[in-house]
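# Inside the fold
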Amino acid sequence: MSRRGSKVFDSYQSCLDWLFTRRRFVMKPGLERVEFLLQTVGNPHKRFRIVQVAGTNGKGSTSTMIASILVEHELRTGLFTSPHVIDFTERFVVNNSRATPDRIVSVIERLKPAADKIEATFFEIATAAATVLFAEENVDIAVVEVGMGGAMDATSALDSALSVITSVAVDHTHVLGASVTEIAGKKAGIIRTGGVVVSGATGDALGVIRDAAATRGARFISVAEETEIDRVSVISTGSIFDLAYDATVYNGLSISLLGRHQVANAACAAVVAHELSREGMLDLSEMSLRRGLGESGCVGRMQILDRRPTVVADVAHNPDAANVLVAAVREVFEYDSVVVVLGVMADKDLEGIVSAISDVADFVILTRPSSVRAADPAELAKIAQNHRLEHEIVESPGAAVARALSLAHEADLVLITGSHYTVGDVMISLGIGDSL
């Protein structure tokens, strides 16, 4: 097993270059490879508790809020999320601090021999690396975001103390199925026999998840049915709301994440804190819960990058998320016109995303994010034409946002969306990455 004294990689970039080549293996069914990786480094995941978070939309924000609440309760807390927006280090956080590039290189060097032997995938290696980092940092609990799906996701090799399933919508249909009920069934695969599951799902998805919990003898909590959210005030600096759950009422909770949809995610995070307390994993404090929600932030979630004109970045990458984003933009901001910079992955519902964006956009600049999976802007242009949406193509995201800024007036809004890659490319082009 390689140690830092015998370097495998000569730089952080060379480590990432090797790791990203593992994406050619994409997804492989089964947990045996990630379990093998974990065994080669002494099963570090058994040294801390785990909250596993699945869902189509909102899981990144919800995971971040849960972790923030735990940190405020003075629990040493790990947070593993995906994908990253700007830099790979975003995926590995301990007590609100990202792992350093050198630390990540050190961990991945130890995993590389086993990873090469079994042709482990990118996400399997990243998952194992997170557990090593968290164990070495002596975390008490880690919040782990599922990559895709449920039972066969690499994170499901980690035995979670509590399962969370946020909203469920149609996405990744080539892997998860074409309907909300099919996808909900896959997401429900994270539920542990005899465990606890908190879900923010609604509609048909809620019934599927509830049934899966019953089949496995798990205690099920529906955030939509078992909480009351009142007096919601949504403004351009966040939201304030009242929340009632489990005979407890919180008046005037505040969050800095923008949009009404984040209120629902915050309610889910608060319920998770209650259930962790019920399970004896934290001593619940109202002040700590309030601070945790209020101080939580998440890169690329309706993030304001600039003012005059207002520049907002959001990683919405499916029609459901795009519709939520459009509703939030209308509620949160005041503007004369909206110029959208849109870059999407080819395997997404392009028609659904463009249709949603057309409801708010006055002009769209179509671009190609830096991924081999990126959709051809010309394909997006055909859809935009069908929606009679005024548009142009600018291939580079950096040049696209520069063009958007040249078109926008001070009272306008520039919205960058469609993919984590698009948002990341634009933020890097604007020099924002180094300040995060």
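The structure we're discussing is the one just above.
Report on the accompanying structure. (Residues numbered from 1 in each chain as written. Predicted model: local features only at pLDDT ≥ 70, side-chain atom pairs only at ≥ 80, totals over all residues. Heavy atoms only, no water.)

## Thoughts on helix α10 (residues 260–278)
Look at α10: 28 Å from first C-alpha to last across 19 residues, which is about the 27 Å you get at 1.5 Å a residue. Counting buried residues along α10, 14 of its 19 residues qualify, which places the element largely inside the surrounding structure. Looking one or two places after α10, you find G280, whose phi comes out positive at around 80 degrees. (Helix = DSSP H or I, 4+ residues; strand = E, 2+ residues; numbered from the N terminus. Expected span 1.5 Å × (residues − 1). Buried < 20%, exposed > 50% of the residue type's maximum accessible area, 1.4 Å probe, protein only.)

## Brief notes about the pattern of salt bridges
Counted under the stated rule, the structure contains 23 salt bridges. In this structure, D116 and R22 form a salt bridge, with 3.3 Å as the shortest nitrogen-oxygen distance. Taken together, the positions of D116 in helix α4 (residues 101–118) and R22 in the loop between α1 (12–21) and α2 (32–40) put the pair 94 residues apart, joining distant regions of the chain. For D116, a relative accessible area of 31% puts it in the partly exposed group. (Salt bridge = Lys/Arg side-chain N within 4 Å of Asp/Glu carboxyl O.)

## Focus on the packing of helix α13 (residues 350–358) against helix α14 (residues 377–386)
Put simply, α13 and α14 touch, their axes get as near as 10 Å, and they point 50 degrees apart. As the angle between them shows, α13 and α14 are arranged oblique. In this structure, α13 crosses over α14, and the sense of that crossing is right-handed. Along the contact surface, α13 presents L350, E351 and V354, while α14 presents L380, I383 and A384. Looking at the contact of α13 with α14 residue by residue, the classes come out as 5 nonpolar, no polar and 1 charged. (Axes fitted to C-alpha atoms, helices over the stretch in contact; angles between N-to-C directions. Parallel < 35°, antiparallel > 145°, perpendicular 65-115°, else oblique. Left-handed = near helix turned anticlockwise from the far one by under 90°. Contact = heavy atoms within 4.5 Å. Nonpolar A, V, L, I, M, F, W, Y, C, P; charged D, E, K, R; others polar.)

## Considering the pairing of strand β12 (residues 303–306)
By the bridge criterion, 3 bridges tie β12 to strand β13 (residues 310–313) in an arrangement that is antiparallel. When the sheet's bridge partners are listed, D306 is paired in β13 with V311. Following β12, the chain reverses through 3 residues before pairing antiparallel with β13; R308 in that reversal takes a positive phi of roughly 55 degrees. (Pairing = 2+ DSSP bridges.)

## Concerning the sheet that holds strand β10 (residues 238–245)
Strand pairs in the sheet, formed through backbone hydrogen bonds, run parallel or antiparallel to each other. Taken in spatial order, the 3 strands of this open sheet run β9-β10-β11, and their pairing is antiparallel. On the outer flanks of this sheet lie β9 (227–235) and β11 (248–255), each paired with one strand and no other. Between one strand axis and the next, the sheet turns by 10 degrees as a mean value, whatever way the strands run. Sheet topology places β9 next to β10; 7 bridges connect them, and they run antiparallel.

## Describing unusual backbone geometry
Cis geometry marks the peptide bond from S82 to P83, where omega comes out at -10 degrees. Mapped onto the elements, P83 comes out in the loop between β2 (77–80) and β3 (92–94). Residue P309 follows R308 across a cis peptide bond; omega there is 0 degrees. Mapped onto the fold, P309 is located in the loop between β12 and β13. Although it is not a glycine, N43 sits at a positive phi angle of roughly 50 degrees. Structurally, the position occupied by N43 is in the loop between α2 and β1 (49–54). One non-glycine residue, N138, adopts positive backbone phi at about 55 degrees. Within the secondary structure, N138 sits in the loop between α5 (122–136) and β5 (141–145). Judged by its relative accessible area of 55%, N138 falls in the exposed class.

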